[in-house]
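In case you want the letters, here they are:
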Amino acid sequence: MEAFFSMTQRPRGVHLCGNPDWDFLLGQDLDILSMDIYSNGEVFASYAASIRRFLDRGGFIVWGIVPTNFEPFEKESILSLEKRLEEVWTRLQDRGIDREFLMSRSLLSPATCCLVNPDGEKTVEKAFKVIRHLSESLREKYHFLG
């Protein structure tokens, strides 16, 4: 992986839908880590020390919080997704990562790039709209988000 990154221009980023060895991945020379936090939030939050080092090095985390699979998408709302994301952020804050700092190094995205839904790409398109509304809601709630 290091050899591959050495041949890649910056910013260097990775997106993962699964649940890898987070210590290993957060220790790589990455600028952006995008992940499916919708499915992996509880596990990811247990790696607070590695997350802090990654952020302190200037890394950004892309929180894939909106499911793109049809059935889970239909069960969620802006409020439920906001709560789910804030629960992860609270766990990280409880482990010593300042929430304002964390959020300043954060972006939002759909959880996965699922295009195998019965409705084709429609749920994915809806997920991007939900991301925009979720971002607006969080910016309003946390005034320090510029």
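Treat the numbers as computed from the prediction; the structure is a model and nothing was measured. (Residues numbered from 1 in each chain as written. Predicted model: local features only at pLDDT ≥ 70, side-chain atom pairs only at ≥ 80, totals over all residues. Heavy atoms only, no water.)

Asker: Please clarify how the confidence of the model for the protein chain should be interpreted in this entry.
Answerer: Interpretation of this model should avoid reading the predicted coordinates in detail wherever pLDDT is low. This prediction gives the protein chain a mean pLDDT of 91; 97% of its residues lie at or above 70. Mean pLDDT across the elements of the protein chain bottoms out in helix α1 (residues 2-6) (83) and peaks in helix α4 (residues 48-56) (97). (pLDDT = per-residue confidence, 0-100. Helix = DSSP H or I, 4+ residues; strand = E, 2+ residues; numbered from the N terminus.)

Asker: I tried to follow the side chain of Glu-82 on my own but got confused; where do I start?
Answerer: Inspection of the secondary structure assignment puts Glu-82 in helix α6 (residues 78-94). If we skip the residues at most four places from it in the chain, Glu-82 touches Leu-134, Ser-137, Leu-138 and Lys-141. (Contact = heavy atoms within 4.5 Å.)

Asker: What should I look at first to understand the pairing of strand β3 (residues 60-66) in this one?
Answerer: Within a regular strand, side chains alternate between the sheet's two faces. Of all the seven residues making up β3, six are buried; the element is thus mostly covered by neighbouring parts of the structure. Of the strand pairs in this sheet, strand β2 (residues 32-36) and β3 are connected by five bridges, and their pairing is parallel. The residue bridging Asp-36 from the neighbouring strand is Gly-64, located in β3. Here β3 pairs with strand β4 (residues 106-110) via five bridges, running parallel. The residue bridging Val-62 from the neighbouring strand is Leu-107, located in β4. (Buried < 20%, exposed > 50% of the residue type's maximum accessible area, 1.4 Å probe, protein only. Pairing = 2+ DSSP bridges.)

Asker: I would appreciate a short explanation of unusual backbone geometry in the present structure.
Answerer: Residues apart from glycine generally show negative phi values, whereas peptide bonds are mostly found in trans. Residues Arg-10 and Pro-11 are joined by a peptide bond in cis, for which omega reads 5°. With respect to the helices and strands, Pro-11 occurs in the loop between α1 and β1 (13-16).

Asker: Please explain the nonpolar core as it appears in this structure.
Answerer: The nonpolar side chains of a soluble globular protein tend to be buried with one another. Core analysis: the biggest nonpolar cluster contains 36 residues, and Phe-44, Trp-63 and Leu-92 have the highest contact counts within it. For this core, the elements supplying multiple residues, two or more each, are α2 (22-26), β2, α3 (37-45), α4, β3, α6, α7 (99-104) and α8 (122-141). In contact with Trp-63, other than residues within four places in its own chain, are Met-35, Ile-37, Phe-44, Leu-85, Val-88, Trp-89, Leu-92, Leu-102, Ser-106, Leu-107, Leu-108 and Ser-109. (Core = buried A, V, L, I, M, F, W, Y, C linked by side-chain atoms within 4.5 Å.)

Asker: Sorry if this is basic, but what is going on with the pattern of salt bridges here?
Answerer: Where charged atoms from two side chains of opposite charge come close, those side chains can pair. A complete count under the given rule lists eight salt bridges for this structure. Where Asp-56 meets Arg-52, a salt bridge forms, and the shortest distance between an N and an O atom there is 3.5 Å. With a gap of four residues between them, Asp-56 and Arg-52 both fall in helix α4, about one helical turn apart. Put simply, Glu-87 and Lys-83 hold a salt bridge, and the shortest N to O gap is 3.8 Å. Highlighted residues: Glu-87 and Lys-83, both in helix α6, separated by four residues, approximately one helical turn. The partly exposed category is assigned to Glu-87, whose relative accessible area is 35%. One network of salt bridges, in which partners are shared, links Arg-10, Arg-12, Asp-29 and Asp-31. (Salt bridge = Lys/Arg side-chain N within 4 Å of Asp/Glu carboxyl O.)

Asker: Before we go on, may I ask you to explain the packing of α3 against α6 in this structure?
Answerer: Helix packing for two helices is described by the angle between their axes and how far apart those axes are. Where α3 contacts α6, the axes come no closer than 9 Å and their chain directions differ by 15°. Taken together, the axis directions place α3 and α6 in an arrangement best described as roughly parallel. Note on packing geometry: the crossing formed by α3 with α6 is left-handed. Two secondary-structure elements touch here, α3 through Ile-37, Tyr-38, Gly-41, Glu-42 and Ala-45 and α6 through Leu-81, Arg-84, Leu-85, Val-88, Arg-91 and Leu-92. (Axes fitted to C-alpha atoms, helices over the stretch in contact; angles between N-to-C directions. Parallel < 35°, antiparallel > 145°, perpendicular 65-115°, else oblique. Left-handed = near helix turned anticlockwise from the far one by under 90°.)

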